[in-house]
Amino acid sequence: MGSHVPQADRPDLLTDELDHRAVGVVYHPERERLGNYVPTVLGDRYDAFC
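Since this is a predicted model, take the numbers as computed values, not measurements.

S.K.: Explain the overall build of the protein chain here, please?
M.R.: Assigned secondary structure in the protein chain consists of 3 helices and 2 strands. Going from the N terminus to the C terminus, the protein chain shows its helices and strands as α-β-α-β-α. Every one of the 50 residues in the protein chain was classed for burial, and the buried ones make up 16%. For the protein chain, restricting intrachain contacts to residue pairs at least 6 apart in sequence, the fraction spanning at least 24 positions comes to 40%. Surface accessibility of the protein chain: about 4200 Å² in total, with carbon and sulfur atoms responsible for 55%.

As structure tokens, then:
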């Protein structure tokens, strides 16, 4: 990974815990919110975000 930016210097979008749709899941409307999203902090998961 690249250089580490202290969390206090990152915008909220990169430090708040958000529900992140898992890659590769099969869409089932009845289970959409139960099993297709995982909690994540974008600034910890990705090196870049557009």
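S.K.: How should a nonpolar patch on the surface be read in this particular structure?
M.R.: A surface patch of nonpolar side chains, amounting to about 360 Å² of accessible area, comprises Leu-13, Leu-18, Tyr-46 and Phe-49. With respect to the element layout, Leu-13 can be found in helix α1 (residues 12-15). Leu-13 sits in the partly exposed class, given a relative accessible area of 46%.

S.K.: Looking at this structure, how should I read the side chain of His-20?
M.R.: Within the fold, His-20 resides in strand β1 (residues 17-21). Polar side-chain contacts of His-20 include one of 2.6 Å to the side chain of Tyr-46. Excluding its chain neighbours within four sequence positions, the residues that come into contact with His-20 are Asn-36, Tyr-37, Val-38, Thr-40, Leu-42, Arg-45 and Tyr-46.

S.K.: Looking at this structure, I do not really get the environment of Val-26. What am I missing?
M.R.: Note that Val-26 resides in the loop between β1 and α2 (32-35). Along the backbone, Val-26 and Asn-36 are 10 residues apart, and their C-alpha atoms lie at a distance of 8.2 Å.

S.K.: I would appreciate a short explanation of the environment of Gly-43 in the present structure.
M.R.: Residue placement: Gly-43 occurs in helix α3 (residues 42-45). Judged by relative accessible area, which is 24%, Gly-43 ranks as partly exposed. For Gly-43 and Asp-16, which are 27 residues apart along the polypeptide, the C-alpha to C-alpha distance reads 8.7 Å. Dropping the residues within four chain positions of it, Gly-43 is found in contact with Arg-10 and Leu-14.

Thresholds applied
Just so you know, the residues in each chain are numbered from 1, in the order the chain's sequence is written. Reporting in this predicted model follows two pLDDT cut-offs: at least 70 for local features of residues, and 80 or more for side-chain atom pairs to be given and counted; totals over whole chains, interfaces and linings ignore these cut-offs and use all residues. Side-chain measures were taken over the full set of non-hydrogen atoms in the model, leaving aside hydrogen atoms and water. The secondary structure listing takes helices from DSSP runs of H or I that are at least 4 residues long and strands from runs of E that are at least 2 residues long, numbered from the N terminus. Accessible area is worked out with a 1.4 Å probe on protein chains only. A residue is then buried under 20% of its type maximum, exposed over 50%, and partly exposed in between. Any pair of residues with heavy atoms lying within 4.5 Å of one another is described as a contacting pair. We get accessible surface area from the Shrake-Rupley algorithm with a probe of 1.4 Å; when it comes to residues, only the shown protein chains can shield them. Grouping into patches uses exposed residues only, defined as over 30% relative accessible area, and leaves out salt-bridged ones; the cut-off is 9 Å for like charges and 5 Å for nonpolar side chains (Val, Leu, Ile, Met, Phe, Trp, Tyr). For this document, the term salt bridge refers to a Lys or Arg side-chain nitrogen within 4 Å of an Asp or Glu carboxyl oxygen. Side-chain atoms alone can form a polar contact between residues adjacent in sequence; in general such a contact is a pair of N or O atoms within 3.5 Å, and within protein one must be able to donate a hydrogen while the other accepts it.

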